[in-house]
Every structure is written in structure tokens, then in C-alpha cells.
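Each chain, letter by letter, is given below.
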Amino acid sequence: MTDDVRDIVLGVLAAGISATLGWAARTYLWKRKLRRKRAFLGLPANGESLLVVNRDPAAVEPAVHRFDVFALLELAAVVRECGAHFQVVTHDTVHQGVGERTEFCVGGPGSNRRVAAHMAAMLPGVRVTVGPEPGPDRAAFLIGTEHYRMEPGITEYVLLARLTAGGGPGVRPVFLFCGQRAITNQAATRYLARNHERLAREHGGEPFVLLLKVVNSQAYGPDVVELVADVTRAATSPLPPPASPASHGTS
């Protein structure tokens, strides 16, 4: 074997080894990333999950707002990426406890009974103004002592929460996407899909409640989202009692 042939053979072998090692490294990193994603979302391979959809309160007949449909599509893609399965169910047909299957609940307490039940049980520090009446407090959030009012199409808020009932490795989380308008629900699902790695690093498997602000949705749709604050402590603590009227002394 001449020196030139030997050099060619060694070069081919080196390239093959390098390619194999690179492929193995990429595969390892991809699998580790997938494991972390599955653990954070509570979606093991072939696991079951529920996409709990609300009802459009503005519709006369039972219907789902188109932005909530888009939110479900965002979530369905996330579930499929984890190799898990999902079932789309309406909010008034779910009759099971928390932790059996991962839940993704879309909508506020006024349009989604399942969300209302989860908030009453696990988010005692949050109140949402429910009702069709117009006014500055329509769909406003009260979180602890802070009020968050919306300006439709300009500034709107949505809660993104990961909640668990009890502990244990088999307990599946509940994700809430509770927005002041349907477009904010979609914004929150998109935020989760884009930022799940960072959220997993910051929160691990612990519950969290994030307040997000959707900026100028009339121009940018659900794409421009800002993190206002981590409100976990305020949201999971009972609301402070209302201030009593100041007593007046008598002369």
C-alpha cells in the first residue's frame, strides 16, 4: 500500500468516525432534551392527556372561538412532539380528579368550568371579573392586592399556570391558559411552546403561575408577549380580607 492510498484510507476512516461520534452526540442531546420536555409537561411516551376546551361566551349556540381553536392546535403540536396522545373534551364533560392525566385547560373561569374549579381549589389568591357587562373592570384580574385591567386590542393579560395536586412521580400536572380574551389564550399556549426549556430550567417540576401581557394584539396578534411577573406566591395564597371601614370616634 502506497503512502497516498494509506492517507486516503485513514482520511476516510477518520471522517467516518467523526461523523459517527457527531451523530451519537446529537442523538444523545436530542433524547436528553426530549426527556426534559416530557418530564416538565407530564407527557411520557404514549402518555394520555386532555385538551379541555371552553365555550365561546359570545356565541348563541355552543361554539369554540377561533383563537381558542388555534390554541388547541398549538397544544396538539406540543403533545405530538413528545410522542404522547391527546383527547379534546369540552369543559363540562370532564368528570375526573386532578393528576390522573395531564390537562391543558383553555379559557377563563367564565367560559370554562374546569378552569374555574382548578382556580378555586389551587389559586385562592386570584379573582377574575366574570360577566358580559361592559366597563373598565370587565375580565379584570385581581391577584393578591393588584388589579390588572385590559385595554382590548392594546394591553391584555393572561395567566399561564402549571399546577399539581399533591406530590409523587405519577401525578400529572394541570396547565391553565386563563386569558382576558381568546387571543390571549392562544398567546399563552404559544409562549409555553416557545419557552418550555427555559421554564423547565427555572421551575423544574414545581408549580408556577406567570402573568403575561399581550401587547397590541390588534396589530401583532398573539406574537408579542411580555412576562409581567411570577405571581405564584400571591396566586396560591388566600386573598387578604377586605379593609374594614375606618371607625369614627365620638366626641
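This structure is a prediction, so every number in the text was calculated from the model and none was measured. (Residues numbered from 1 in each chain as written. Predicted model: local features only at pLDDT ≥ 70, side-chain atom pairs only at ≥ 80, totals over all residues. Heavy atoms only, no water.)

Details of the sheet that holds strand β8 (residues 174–179)
Okay, so step 1: Pairing is mixed across the open sheet formed by seven strands, whose spatial order is β2-β1-β3-β8-β7-β9-β10. Edge positions in the sheet fall to β2 (85–90) and β10 (225–230), since each has one partner strand and no second. Neighbour to neighbour, the strand axes of the sheet diverge by 20° on average, direction disregarded.
Okay, so step 2: Here helix α4 (residues 182–203) sits on the sheet in contact with β3 (102–106), β7 (155–163), β8, β9 (208–215) and β10, set at roughly 45° to β7. (Pairing = 2+ DSSP bridges. Helix = DSSP H or I, 4+ residues; strand = E, 2+ residues; numbered from the N terminus. Axes fitted to C-alpha atoms, helices over the stretch in contact; angles between N-to-C directions. Contact = heavy atoms within 4.5 Å.)

A word on helix α2 (residues 66–81)
Okay, so step 1: Taking 1.5 Å per residue as the helical rise, α2 with its 16 residues ought to reach 22 Å, and the 23 Å between its terminal C-alpha atoms agrees with that figure.
Okay, so step 2: What α2 keeps buried is the set Phe67, Asp68, Ala71, Leu72, Glu74, Leu75, Ala76, Val78 and Val79.
Okay, so step 3: Following α2 by one or two positions, Gly83 adopts a phi angle in the positive range, close to 75°. (Expected span 1.5 Å × (residues − 1). Buried < 20%, exposed > 50% of the residue type's maximum accessible area, 1.4 Å probe, protein only.)

Some remarks on the environment of Cys178
Okay, so step 1: Relative to the helices and strands, Cys178 resides in strand β8.
Okay, so step 2: In sequence terms Cys178 and Cys105 are 73 residues apart; their C-alpha atoms lie 8.1 Å from each other.
Okay, so step 3: The contacts of Cys178, once residues within four sequence positions are left out, are Gly107, Gly108, Pro109, Met119, Val128, Phe141, Val158, Leu159 and Asn185.

What to know about the pattern of salt bridges
Okay, so step 1: Throughout the structure, instances matching the rule amount to ten salt bridges.
Okay, so step 2: Of the charged contacts, one joins Glu197 and Lys33 as a salt bridge, the two residues approaching to 3.1 Å between their closest N and O atoms. Placement of the pair is Glu197 in helix α4 and Lys33 in helix α1 (residues 3–41), with a sequence separation of 164 residues.
Okay, so step 3: Residue classification places Glu197 among the partly exposed residues on the basis of a relative accessible area of 37%.
Okay, so step 4: A residue is classified by how much of its surface remains accessible, and Lys33, at 45% relative accessible area, is partly exposed.
Okay, so step 5: One salt bridge connects Asp137 with Arg149, and the closest N-O pair in it is separated by 2.5 Å. With Asp137 in the loop between β4 (126–128) and β5 (141–143) and Arg149 in the loop between β6 (146–148) and β7, this residue pair connects regions lying twelve residues apart in the sequence.
Okay, so step 6: Under the relative-accessibility criterion, Asp137 is labelled partly exposed at 33%.
Okay, so step 7: Residue Arg149 is classed as partly exposed on the basis of its relative accessible area, which comes to 44%.
Okay, so step 8: Look at the salt bridges and you will find they share partners, linking Glu74, Arg190, Arg194 and Asp223 into a network. (Salt bridge = Lys/Arg side-chain N within 4 Å of Asp/Glu carboxyl O.)

As for the environment of Pro240
Okay, so step 1: With respect to the secondary-structure elements, Pro240 resides in the segment after α6 (232–236).
Okay, so step 2: Every residue in contact with Pro240, bar those within four places of it in the chain, is listed here: Gly144 and Thr145.

Things to note about the pairing of strand β1 (residues 48–53)
Okay, so step 1: With five of six residues buried, β1 is to be regarded as a mostly interior element.
Okay, so step 2: Pairing of β1 with β2 involves six bridges; the strand directions are parallel. Paired with Leu51 across the strands is Val88, a residue of β2.
Okay, so step 3: With four bridges joining them, β1 and β3 adopt parallel strand pairing. Each bridged residue has a counterpart across the sheet, and for Ser49 the counterpart in β3 is Thr102.

Focus: the nonpolar core
Okay, so step 1: Judged by nonpolar contacts, the single largest core of 28 residues is most densely connected at Leu41, Phe104, Leu160, Phe177 and Leu192.
Okay, so step 2: Mapped by element, the contributors of at least two residues to this core are α1, β1, α2, β3, β7, β8, α4 and β9.
Okay, so step 3: Formed by 24 residues, the second largest nonpolar core is a distinct cluster that contains Val94, Val115, Val126 and Leu163. (Core = buried A, V, L, I, M, F, W, Y, C linked by side-chain atoms within 4.5 Å.)

A short note on the packing of α2 against α4
Okay, so step 1: Viewed as axis vectors pointing N to C, α2 and α4 meet at an angle of 15°, and their least axial separation amounts to 7 Å. One finds that α2 runs roughly parallel with respect to α4. In the packing of α2 onto α4, the handedness of the crossing is left-handed. Across from Phe67, Asp68, Phe70, Ala71, Glu74, Leu75 and Val78 in α2, the residues of α4 making contact are Ala182, Ile183, Asn185, Gln186, Thr189, Arg190 and Ala193. (Parallel < 35°, antiparallel > 145°, perpendicular 65-115°, else oblique. Left-handed = near helix turned anticlockwise from the far one by under 90°.)

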